[in-house]
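Breakdown of the fold
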Amino acid sequence: MSWDASSKDKNKQRIIFHVDFDYFFAQCEELRDPSLKGKPVVICVYSARGGDSGAVSTSNYKAREYGVKSGIPIKLAKNRLKDVPDAKFLQVDHEYYTEMSDKAMAIIRKYADRFEVVGVDEAFFEASEKLDYDFNKVEELVKTIKKELKEQLGLTCSIGVAPNKLVAKIASDFRKPDGLTIVKPKEVQAFLADLSVGKIIGVGKKTEERLNEMGAKTIGELENLDIYTLTKEFGKKIGTYLYNAARGIDEEPVMESEAITQISRITTLKKNSKIFEEMLGDLETLCKDVHKSTIEQGFSFKSVGIMLVLDDLSMKTKSRSLKSPSTSLDELLKLSKALLEEAVAESQMMVRRLGVKVSELVSSKGQDTLFKFMDEKT
Ligand code: TTP
Ligand code: CA
């Protein structure tokens, strides 16, 4: 579906919003404990090895001044903040962040024609109809939403508004925190021209390097590469995507969320068993099927679960969340094997049927997944 399919008049441009909550996990912690405000706050994912092993999930802006950001080892973060006595290191609390996220999303959703949750701290929505296709009405709506989020939850966010998802997402990242960037249809190309090609959704480090080598550091320069060069280098799908992206063209619809919350497959074992190794073949097939379907539908997954139907027809389930959304088959295999091994060890009974599911799905917007695979392969 393209924008002109959703609106009858071809001159009407969609009004698409991308909302991104600021330093989200750390901001949630500040809201729970206001004494943290003004201090460097580091949210940590401690690994099973104990001590300070593990990585930083995110940090507030104060901590970022010291070079403490998502992905660095906790040990390095502690080192960078060793002379800051009031720095706080907290463990991730996904349940609480999800609760905050749900409340915030419910506030925003009211103002949308269509609403698409992308992750715990991100959403797209379309408000073309509610705003009569008038970009001049955007600012007032954003003020209302920001005020409500602030008053009811204390939360700040950054918002990008544009005629499509691609540009709206780049715009929300343009001014942070508590930012608002509105890119009207006529301003799209000028807005994109000086930005690095890495800002385009789905363009990872490797793709960016290749584009740089081809003479395109900025999106404006990418516009100079013709469709033949791009499709020859990246294949038809990605080449065309890049060609359009350079011109600020993107027709991806905002997809109403909650349609799909999980993807699962289940099978009956050829022979009842309680031996892990005997079930491995079936488990791998299930994982491959689930993975294929997940990717085809443009999702990444953040939670993996297994399900066993036991000899007495009782059911046993186990699931675990990943640190961040994944599209990796290896990760799915690894986690489901670990879960099955645990489940088999815990249960004395024979297993009749075996199932694998992924949930906490995050829409990867197609291109994202495409690129991730390309970047992994190259
Ligand atoms: P981001 O939106 O990338 O970051 P942020 O919200 O912390 O900061 P910003 O103000 O720049 O938007 O990610 C959202 C949440 O996802 C973040 O609060 C923590 C989590 N996260 C991780 O756990 N690991 C990571 O590597 C990243 C990038 C994020
Ligand atoms: Ca964020």
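Scroll up to find the structure this text is about.
This report concerns the structure included in the present document. These numbers come from a predicted model, not from an experiment. (Residues numbered from 1 in each chain as written. Chains lettered and ligands numbered in written order. Predicted model: local features only at pLDDT ≥ 70, side-chain atom pairs only at ≥ 80, totals over all residues. Heavy atoms only, no water.)

**Observations concerning the overall build of the chain**
Keep this limit in mind: A helix here means a DSSP run of H or I that spans at least four residues, while a strand means a run of E at least two residues long, and both kinds are numbered starting from the N terminus. Each radius of gyration is computed over the set of C-alpha atoms, and the globule rule expresses the reference value as 2.2 Å times the number of residues to the power 0.38. Note on classification: 1.4 Å probe, protein chains only; a residue is buried when its accessible area is under 20% of the maximum for its type, exposed when over 50%, partly exposed between these limits. The contact definition used throughout considers only heavy atoms, calling two residues in contact when any of these lie within 4.5 Å. Using a 1.4 Å probe, accessible areas were evaluated by the Shrake-Rupley method; residue-level cover was limited to the displayed protein chains. Here Asp and Glu are counted as negative and Lys and Arg as positive; His is not counted, and neither are the chain ends. To locate a charge, take NZ of a lysine, CZ of an arginine, CG of an aspartate or CD of a glutamate.
Scanning the chain from N- to C-terminus turns up 15 helices and 13 strands. Here the chain has a C-alpha radius of gyration of 23 Å; the compact-globule value for 378 residues is 21 Å, and the two agree. Dimensions of the chain along its principal axes, counting C-alpha atoms only, are 65 × 55 × 45 Å. For the chain, with 378 residues in total, the buried portion stands at 49%. A separation threshold of at least 6 residues defines the contact pool for the chain, and within that pool the share at least 24 residues apart is 65%. Accessible area of the chain: about 18,800 Å², with a carbon and sulfur share of 49%. Positive and negative side-chain charges in the chain, numbering 60 and 60 respectively, have mean positions lying 2 Å apart.

**As for the coordination of the calcium ion (ligand 2)**
For clarity, the cut-off: Only nitrogen, oxygen and sulfur atoms qualify as donors, provided they sit within 2.8 Å of the metal or within 3.2 Å for Na, K and Ca; with water excluded from the atoms, sites may seem incomplete. Under the classification used here, a metal with four donors is tetrahedral if each angle lies between 85 and 135 degrees, square planar if opposite donors are over 155 degrees apart and the others between 65 and 115, a six-donor metal meeting that same test is octahedral, and anything else is irregular.
Every protein donor of the calcium ion (ligand 2) is accounted for by Asp20 (OD), Phe21 (O) and Asp121 (OD), and the metal-donor separations fall at 2.1 to 2.3 Å. The site at the calcium ion (ligand 2) holds six donor atoms, and with the angles between them running 80 to 168°, its shape is octahedral. The sequence pattern formed by the donor residues of the calcium ion (ligand 2) is D-F-x99-D. In this pair, phenylalanine 21 is assigned in strand β1 (residues 16-21) and aspartate 121 in the loop between β5 (114-119) and β6 (122-126), connecting sequence segments 100 residues apart. Across this residue pair, the class does not change: phenylalanine 21 and aspartate 121 are buried.

**A closer look at the nonpolar core**
The test is simple: In plain words, nonpolar cores are sets of buried Ala, Val, Leu, Ile, Met, Phe, Trp, Tyr and Cys residues tied together by side-chain atoms within 4.5 Å.
Ranked by internal contacts, the top residues of the largest apolar core, which has 39 residues, are Phe17, Phe21 and Phe125. At the level of elements, β1, α2 (24-32), β2 (41-46), α5 (94-109), β6, α6 (138-153) and β7 (157-162) are the ones that each hand at least two residues to this core. Per-element accounting of this core gives the leading share, seven residues, to α5. Setting aside residues up to four positions removed in sequence, phenylalanine 21 forms contacts with Ala104, Met105, Ile108, Val120, Asp121, Leu155, Thr156 and Cys157.

**Topic: the site of ligand 1**
Selection criterion: The rule for a residue being near a molecule or strand is that one of its heavy atoms must lie within 4 Å of it. Between N or O atoms, a polar contact is any pair within 3.5 Å; within protein, one atom must be a potential hydrogen donor and the other a potential acceptor, and residues adjacent in sequence are included only when both atoms are from side chains. Polar here means any residue other than Ala, Val, Leu, Ile, Met, Phe, Trp, Tyr, Cys and Pro, which are nonpolar, and Asp, Glu, Lys and Arg, which are charged; Gly is therefore polar.
Close contacts around ligand 1 come from 13 residues, with Tyr23, Ser57, Thr58, Tyr61 and Lys176 the closest. In this structure, phenylalanine 24 approaches ligand 1 through a main-chain N or O atom, which is 2.9 Å from an oxygen atom. Take tyrosine 61: an N or O atom from its side chain is 2.6 Å from an oxygen atom of ligand 1. Starting from 560 Å² of accessible surface for ligand 1 in isolation, the protein chains cover 71%. Across the shell around ligand 1, the residue classes tally to five nonpolar, three polar and five charged.

**Things to note about the layout of surface pockets**
Unoccupied space between atoms shows up once a probe the size of one water molecule is rolled over them. The following threshold applies: Any residue with an atom within 4 Å of a point lines the site, the site being either a cavity, points on a 1 Å grid over the protein atoms alone where a 1.4 Å probe fits but cannot get out, or a pocket, an open set with protein on both sides within 12 Å along at least 5 of 7 lines. Grid points are joined across faces, edges and corners, and a volume is the space filled by probe spheres set on the points.
Put simply, the second largest pocket is a space of about 410 Å³. Taken together, 13 residues form the lining of the second largest pocket, with Arg320, Ser321, Leu322, Lys323 and Leu335 sitting closest to its centre. When contributions to the lining of the second largest pocket are tallied by element, the ones reaching two or more residues are β2, β11 (315-326) and α14 (329-346). Residues that form the lining of the second largest pocket fall into these classes: six nonpolar, three polar and four charged.

**Regarding α6**
Three or four residues apart is the spacing at which side chains of an α-helix point the same way, because the helix has 3.6 residues per turn. Put simply, the rule is: A helix is expected to reach a length of 1.5 Å times the quantity of its residues less one. Each C-beta atom gives one direction from the helix axis, and the arc is the one those directions make.
For α6, built from 16 residues, the straight-helix expectation of 22 Å at 1.5 Å per residue is met to within 8% by its first-to-last C-alpha distance of 22 Å. Turning to α6, its buried residues are Val138, Leu141, Val142, Ile145, Lys146, Glu148, Leu149 and Leu153. The arc that holds every buried residue of α6, seen down its axis, measures 160°, which confines them to one face. For α6, the exposed residues set more than 90 degrees away from the buried face come down to Glu140, Lys143, Lys147 and Glu151. Close packing links the buried residues of α6 with β1, α2, α5, β6, β7 and β8 (180-182). Taken from the residues just after α6, glycine 154 is the one with a positive phi, measuring 85°.

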